[in-house]
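Here are the chains, one letter per residue:
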Amino acid sequence: MILSDDETVTSISRPNAVGDDAPTVHHPDADGLGAEIANDAEALRAIELLMAEEDGTEVSAVPHAPEAVPTVETAEITDEGELPPLVADMLAEHLLTDQAVRKLVRTARATGKTFFRCVAEDRSLARRESLFAWAAKRAQASFMFEERVLLSLAQEEEWLRYGEAERAGALLLADDEDGTPRFATIDPFDIEIADWIERCSGRRHSPVVVPWEVFLNLVHHLVSRATEGDEAQSNWVINFSAEEERFLRENMDAVDVPSMVNYFLHRAYIQKASDIHIEPTEDRLLVRVRVDGILHEDVVLPKSAFAEVAARVKIISHMDVVEKRRPQDGRIGTVIQGVPIDVRVSTFPTVYGEKTVMRLLDKNALRPSPESLGLVPRDLRLLKDKIEAPYGLIMISGPTGSGKTTTLYSCLGAIDKTKKNVMTIEDPVEYRLRGVHQMQVNTKIGVTFASGLRTILRQDPDVVMVGECRDLETAEMAIQASLTGHVVFTTIHTNDAVGIVTRLLDMGIDRFLVASAITLGIAQRLVRKTCPHCQTHLPGTEILRRIRLAGVSDEKLAHLGVTVDEDLEYAVGNGCLHCRNTGYMGRTVVFEAFEMTNEARNMIMNPDFNADELRRNMTAQGMTTLLQHGLMLVDQGLTTHDEVIRVLGERL
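Residues numbered from 1 in each chain as written. Predicted model: local features only at pLDDT ≥ 70, side-chain atom pairs only at ≥ 80, totals over all residues. Heavy atoms only, no water.

K.L.:
How should the overall build of the protein be read in this particular structure?
P.N.:
For the protein, the count of helices and strands is 25 helices and 22 strands. Counting the 652 residues in the protein, one finds 53% classified as buried. Put simply, 66% of the contacts in the protein that link residues at least 6 apart link residues at least 24 apart. Put simply, the protein shows about 30600 Å² of open surface, and 47% of that area lies on carbon and sulfur atoms. (Helix = DSSP H or I, 4+ residues; strand = E, 2+ residues; numbered from the N terminus. Buried < 20%, exposed > 50% of the residue type's maximum accessible area, 1.4 Å probe, protein only. Contact = heavy atoms within 4.5 Å. Areas by Shrake-Rupley, 256 points an atom, 1.4 Å probe, with all protein chains shown as cover.)

Okay, here's the thing in structure tokens:
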């Protein structure tokens, strides 16, 4: 690449590095040290002109600059046919390739960042550690890469807080042994930030070059330490404009890691995903999202991105970044598009690296009362009656991710907490409820469901919620609490509502205790709803044909009790952009409520107790089974036969 004889280079203006309220700083005349440090801006313009020349397009002498941002005076290149010294030296040292330079120029123009900062943040470049060491040597600056040392030196002032350091690309450090003030930076050639620090502090600071990854970890450790135990961590705001989202989506391999992780969270929220899976494989990094209970591949990245993405997630979720051999759990408090979201994070070491799963919990998704859950009238009446009862055990069953927590919290929301003492023991506390005293399980210090429940019973509770009956001790204590004048809510893993009785008996609970304590058992599942944007209606004959093509035999339909009227039409989704061409959008709940009647108690007390017989008896008395409720939703056009069979067809 060469320059014409008389080309003049003009730097690209960029947004203020610290904030809109920071002073505007003009670069000194391009001579001496000023010209040397301006080289990264010169490089941008020179290469831009070259690229335009090769593409046959015209480029204005001065590119468009945002309003009220610093500018840099023009500087001539006196050596004919040569690149700006900074870029030429990086090419000569094989730190950059021609192709990389072109990509970095495009990124700098799109983001408004300096050329070297784009170099620093581009994780696809080879020899990254050598690159920063070389930059420090060229700028005659110090070079540090030990995070622990930097942690001990870090300082903040009112005009440059830890929370602003990442955006500024600079962090104040303690003076060196000679009393010289210093600041850590990822771009030693950025004269703007150096001048701004001097104006704010009244002292000229020497730059200390820090690798981007170390700088990022350092800043977020400082922020985490400053907000530890404080709800301020929930102020992690993520809000991308449509233009920013499009740029990130189209340039995912070039954006910085913090923006990438924020984009993952933002995109998952927009898609109404419940979980984000970040999965290292043999040759790539795969990001999948679970939407309406189904995993979809969302983003594919090169394997080289894995280490930085994993470290970033660990930092913002307050995990040990160094520990990679043991599973860890963490939490992120964030606000996405103005909506508070709690993110539960879990890591799982695999042969290819740590797999990370982030579960998004939208506080606004909580249902305030049982009326909003979608229960059939009989089941809703039963639930409300048992909630208002003076004592009793209400058990909710279903697999992980079936909405049990939402149902439990809706029940607690129906209780008058001004007149009752409501206490919970959970693992973990997923949502914070006003007026409810919530405690989280912590096995490291001996706080289990059983020990926590034992303590709760000394606190004069009226209503108790136990996250899960995992063992015999917890189940026995929950039953004893319900028999001694408390309303107890808890969950258990069974296939249906009647199965709750069988499960407790299998755990070793006495028959008379099970029959006396349980007042209501609820089983639930989530089924996908037909997409309203592409909903259409098909005759029953076509529905039957599709069911058979899916491998469901007529014998199985008869066994399940599923009938399709060939003379009727049923709602289905054709598939569109709104629903990822699945035909489904959103989910709703199917319930089964088992009330403990006198007849049921007698059957349970019988030594020859048979669960199937109890189930048939309860159905005959009006109990709506999961399958029956699902077929009701089909008749209402809310879901399809295929979906009901997928979720409930293997239950029997």
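K.L.:
In this structure, what is going on with the sheet that holds strand E11 (residues 328-336)? I would like to understand it.
P.N.:
Strands in a sheet are paired, the pairing made by backbone hydrogen bonds, and the direction either parallel or antiparallel. Taken together, the seven strands give an open sheet; going across it, the order is E7-E11-E12-E13-E8-E9-E10, and neighbouring strands pair in mixed fashion. Edge positions in the sheet fall to strand E7 (236-238) and strand E10 (294-302), since each has one partner strand and no second. Shown here is a sheet whose adjacent strand axes are inclined to one another by a mean of 25°, direction ignored. Running over the sheet, helix H13 (residues 306-316) touches E7, strand E8 (273-280), strand E9 (284-291), E10, E11, strand E12 (339-350) and strand E13 (353-362) and is turned about 45° from E13. (Pairing = 2+ DSSP bridges. Axes fitted to C-alpha atoms, helices over the stretch in contact; angles between N-to-C directions.)

K.L.:
What exactly am I supposed to notice about the packing of aromatic side chains here?
P.N.:
What characterises a pair of aromatic rings is the spacing of the ring centres plus the angle enclosed by the ring planes. As enumerated under the stated definition, the model contains six aromatic pairs in all. Residues Phe116 and Phe189 carry aromatic rings whose centres are separated by 5.3 Å and whose planes lie at 80° to one another, so their mutual orientation is edge-to-face. Residue Phe116 is found in helix H5 (residues 115-121), and its partner Phe189 is found in the loop between strand E5 (182-185) and helix H9 (191-201); the two are separated by 73 residues along the sequence. Note on Phe116: relative accessible area 0%, which makes it buried. (Phe/Tyr/Trp six-rings, centres within 6.5 Å; stacked < 30°, edge-to-face > 60°.)

K.L.:
Whenever I open this one, the side chain of Thr530 confuses me. Can you help?
P.N.:
Within the secondary structure, Thr530 sits in strand E19 (residues 518-530). Judged by its relative accessible area of 6%, Thr530 is buried. Once residues within four sequence positions are removed from consideration, Thr530 is found in contact with Gln535, Ala571, Val572, Gly573, Gly583, Tyr584, Met585, Gly637, Leu638, Thr639 and Thr640.

K.L.:
What am I meant to see in the side chain of Ser317 here?
P.N.:
With respect to the helices and strands, the residue Ser317 is situated in the loop between H13 and E11. We classify Ser317 as buried; its relative accessible area is 2%.

K.L.:
Where do I start with the pairing of E8 in this structure?
P.N.:
Successive side chains on a regular strand alternate, one facing one side of the sheet and the next facing the other. Summarising burial for E8: seven of the eight residues are buried, a large majority. Looking at chain direction, E8 and E9 are connected through seven bridges and run antiparallel. By the bridge assignment for E9, Glu279 is matched with Leu286. Counted between consecutive antiparallel strands, the loop separating E8 from E9 contains three residues.

K.L.:
Where do I start with the sheet that holds strand E4 (residues 170-173) in this structure?
P.N.:
If you trace the four strands from one edge of the open sheet to the other, you get E3-E6-E5-E4, paired in mixed fashion. Of all strands in the sheet, those with a lone pairing partner are strand E3 (142-143) and E4, marking the two edges. The pairing of E5 with strand E6 (residues 206-209) spans four bridges and is classified as parallel. In the strand pairing of E6, Phe183 is matched with Pro207.

K.L.:
I tried to follow unusual backbone geometry on my own but got confused; where do I start?
P.N.:
Glycine aside, residues mostly have negative phi, and peptide bonds are mostly found in the trans state. With omega at -10°, the peptide bond leading from Asp427 into Pro428 counts as cis. Its place among the elements puts Pro428 in the loop between strand E15 (422-426) and strand E16 (437-440). If you check the backbone angles, Arg580 has positive phi at about 60° while not being a glycine. With respect to the helices and strands, Arg580 occurs in the loop between strand E21 (569-573) and strand E22 (584-595).

K.L.:
I keep staring at the packing of helix H16 (residues 449-456) against helix H17 (residues 472-483) and nothing clicks. Help me out?
P.N.:
The geometry of a pair of packed helices is captured by two quantities: the angle between their axes and the separation between those axes. It is the contact of H16 with H17, at a shortest axis distance of 8 Å, that shows an interaxial angle of 25°. Regarding the angle of H16 to H17, the classification is roughly parallel. Where H16 crosses over H17, the handedness of that crossing is left-handed. Between H16, through Phe449, Ala450, Leu453 and Arg454, and H17, the contact on the second element is made entirely by Glu473, Thr474, Met477 and Ala478. (Parallel < 35°, antiparallel > 145°, perpendicular 65-115°, else oblique. Left-handed = near helix turned anticlockwise from the far one by under 90°.)

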